[in-house]
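So you can see what is in the structure, the chains are spelled out below.
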Amino acid sequence: MEYFAALALAIGLGTAFAAFGCGIGQGNAVRGALEGLARQPEAAGRIQTLLIIGLALIESLTIYALVFGFLLYSKLPATADVLSKIVTK
Amino acid sequence: MSELSAHENSGILIAQAEHSAVPTTTAEKAPEPAEGGSEEPGQWVFFGYGFLAFLLLTILAIIGTRKLKLVPKGLQNFLEMVFEMLYGIPEMVMGPRGREYAPFVSTYFLFIVTMNLIGLLPFGKAGTASLSVTLGLAVVAFVMVQYYGFKTHGFRYLAHFAGPLPAMAVLIFPLEIASEFIRPVSLSFRLFGNMYGEERVISALAHLSPNFPIVPLFMLPLQLLTCVLQGYVFALLVTVYISLATEKHSEGHAEASASTAH
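Everything quoted here is computed from the prediction, not taken from an experiment.

Parameters at a glance
- Residues numbered from 1 in each chain as written.
- Chains lettered and ligands numbered in written order.
- Predicted model: local features only at pLDDT ≥ 70, side-chain atom pairs only at ≥ 80, totals over all residues.
- Helix = DSSP H or I, 4+ residues; strand = E, 2+ residues; numbered from the N terminus.
- Rg over C-alpha atoms; globule rule 2.2 N^0.38 Å.
- Contact = placed C-beta atoms within 7 Å.
- pLDDT = per-residue confidence, 0-100.
- Buried ≥ 20, exposed ≤ 12 C-beta atoms within 10 Å, placed from the backbone.
- Axes fitted to C-alpha atoms, helices over the stretch in contact; angles between N-to-C directions.
- Parallel < 35°, antiparallel > 145°, perpendicular 65-115°, else oblique.
- Left-handed = near helix turned anticlockwise from the far one by under 90°.
- Nonpolar A, V, L, I, M, F, W, Y, C, P; charged D, E, K, R; others polar.

## Here's the deal with the overall build of chain A
Scanning chain A from N- to C-terminus turns up three helices and zero strands. For chain A, the N- to C-terminal ordering of α and β elements is α-α-α. Taken over C-alpha atoms, the radius of gyration comes to 20 Å for chain A, far larger than the 12 Å a tight globule of 89 residues would show. If one aligns the C-alpha atoms of chain A with their principal axes, the spans along those axes are about 70 × 15 × 15 Å. Considering only contacts in chain A between residues 6 or more positions apart, those separated by 24 or more positions represent 80%.

## A closer look at the confidence of the model for chain B
It should be kept in mind that the predicted coordinates are not to be read in detail where pLDDT is low. Residues and elements named next belong to chain B. Predicted confidence across chain B gives a mean pLDDT of 80, with 79% of residues reaching 70 or more. Ranking the elements of chain B by mean pLDDT puts helix α2 (residues 25-29) last, at 38, and helix α5 (residues 102-120) first, at 94. Within the model, pLDDT remains below 50 along residues 1-36, and this stretch shows 47 contacts once partners closer than five positions in the same chain are excluded. A low-confidence stretch, residues 251-261 stays under pLDDT 50, and its non-local contacts, those more than four residues away or across chains, total ten contacts.

## Brief notes about the environment of P216(B)
Residues and elements named next belong to chain B. By secondary structure assignment, the location of P216 is in the loop between α7 (169-208) and α8 (220-246). Classification of P216 by C-beta neighbours within 10 Å gives partly exposed; the count is 18. Each C-alpha atom of the pair P216 and L52 lies 24 Å from the other, and the pair is 164 residues apart in sequence. Other than its neighbours up to four places away in sequence, P216 contacts I202, L205 and A206.

## Overview of the packing of helix α4 (residues 75-94) of chain B against α8(B)
All names here are of chain B. Two elements in contact, α4 and α8, have axes separated by 9 Å at closest approach and are oriented at 40 degrees. Classified by the angle between their axes, α4 and α8 sit oblique to one another. Of the two possible hands of crossing, α4 and α8 adopt the one that is right-handed. The residues of α8 that touch α4, namely those facing I89, P90, V93 and M94, are A235, L236, T239, V240 and S243. Along the lines of polarity and charge, the residues of the contact of α4 with α8 split into seven nonpolar, two polar and no charged.

## With respect to the packing of helix α1 (residues 2-39) of chain A against helix α2 (residues 44-73) of chain A
Any two packed helices are characterised by how steeply their axes cross, that is the angle between the axes, and by the distance between the axes. Two elements in contact, α1(A) and α2(A), have axes whose closest approach is 9 Å; the angle formed by their N-to-C orientations is 175 degrees. By the angle class used here, α1(A) and α2(A) are roughly antiparallel.

## A closer look at unusual backbone geometry
Residues and elements named next belong to chain B. Positive phi values are uncommon outside glycine, yet K67 reaches one of about 50 degrees. Its place among the elements puts K67 in the loop between α3 (40-64) and α4. Using a count of 5 C-beta atoms within 10 Å as the deciding quantity, one classes K67 as exposed. The phi torsion at F123 lies on the positive side, around 65 degrees, for a residue other than glycine. For F123, the position within the fold is in the loop between α5 and α6 (131-153).

So, in structure tokens, the structure goes:
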């Protein structure tokens, strides 16, 4: 039973931690883009393109963690079954 | 992989705790929505939707290139705009020599975006929401990058993996080979994670609000952005990998950002 408790905790916290780092990373990326834009507004098109690409790459790291979340989630038993087992105990 | 281990584990624990009927429903209920990871026939659905995207693109191409006019209007105009944008990607990454690889890269963008957008339609499923499909795309990209590398450099292409200093080649070589092999994994997982996650979010929202089927619609703008963006990122990354594999050593291009793009 501890196995499933640990699994549930891992599923819950895994993507959360990844999103935490992703938020910081993407915040830095946007800050860099905005600073560059403020210095040189005529480079807006190029900066926007690079910004979007950079954001997608940073986000992909969180997506990897999310995929592991899906993978682990499929190993978890259904809530109804666990509840029925606890009740009959 | 799949539910067998969870079933076994729960079976062992339950047999230890109490003698009760092992929930055979565990295996069926656990991956509740979109089970496409474990059952053989399930994956072919995604292939079918991918084939549908292929058919749509072919039909679009045939219709759009009939009766070509010098001053384009309508569908031809739209297709020319798309063409310009797509051919701009390799030229943006590696300059004029990128034009040779533009058709290959454009195919990725068009195919992936079409598959993703079909997933947003009612009764439509994104072909890319299956790891098999995205892994196939990524493996093809990987093979083609190696092909372009060998075509440009011959057997000296393998010297690319030796790193900057020949003295450190022994250390750098396995690292570079590993990083080369991780690229299809990262490409496929990025696309798969985005599209499959979208599907799961929609199904979770729909489950949470059964009386208001409008609620998942609020995700639509973000999903549209993600669909197009992930296709663009995939095509762009393939271009970057090709540019890394085929760059001539004469001028040291500052593709530093590209080499860290995993």
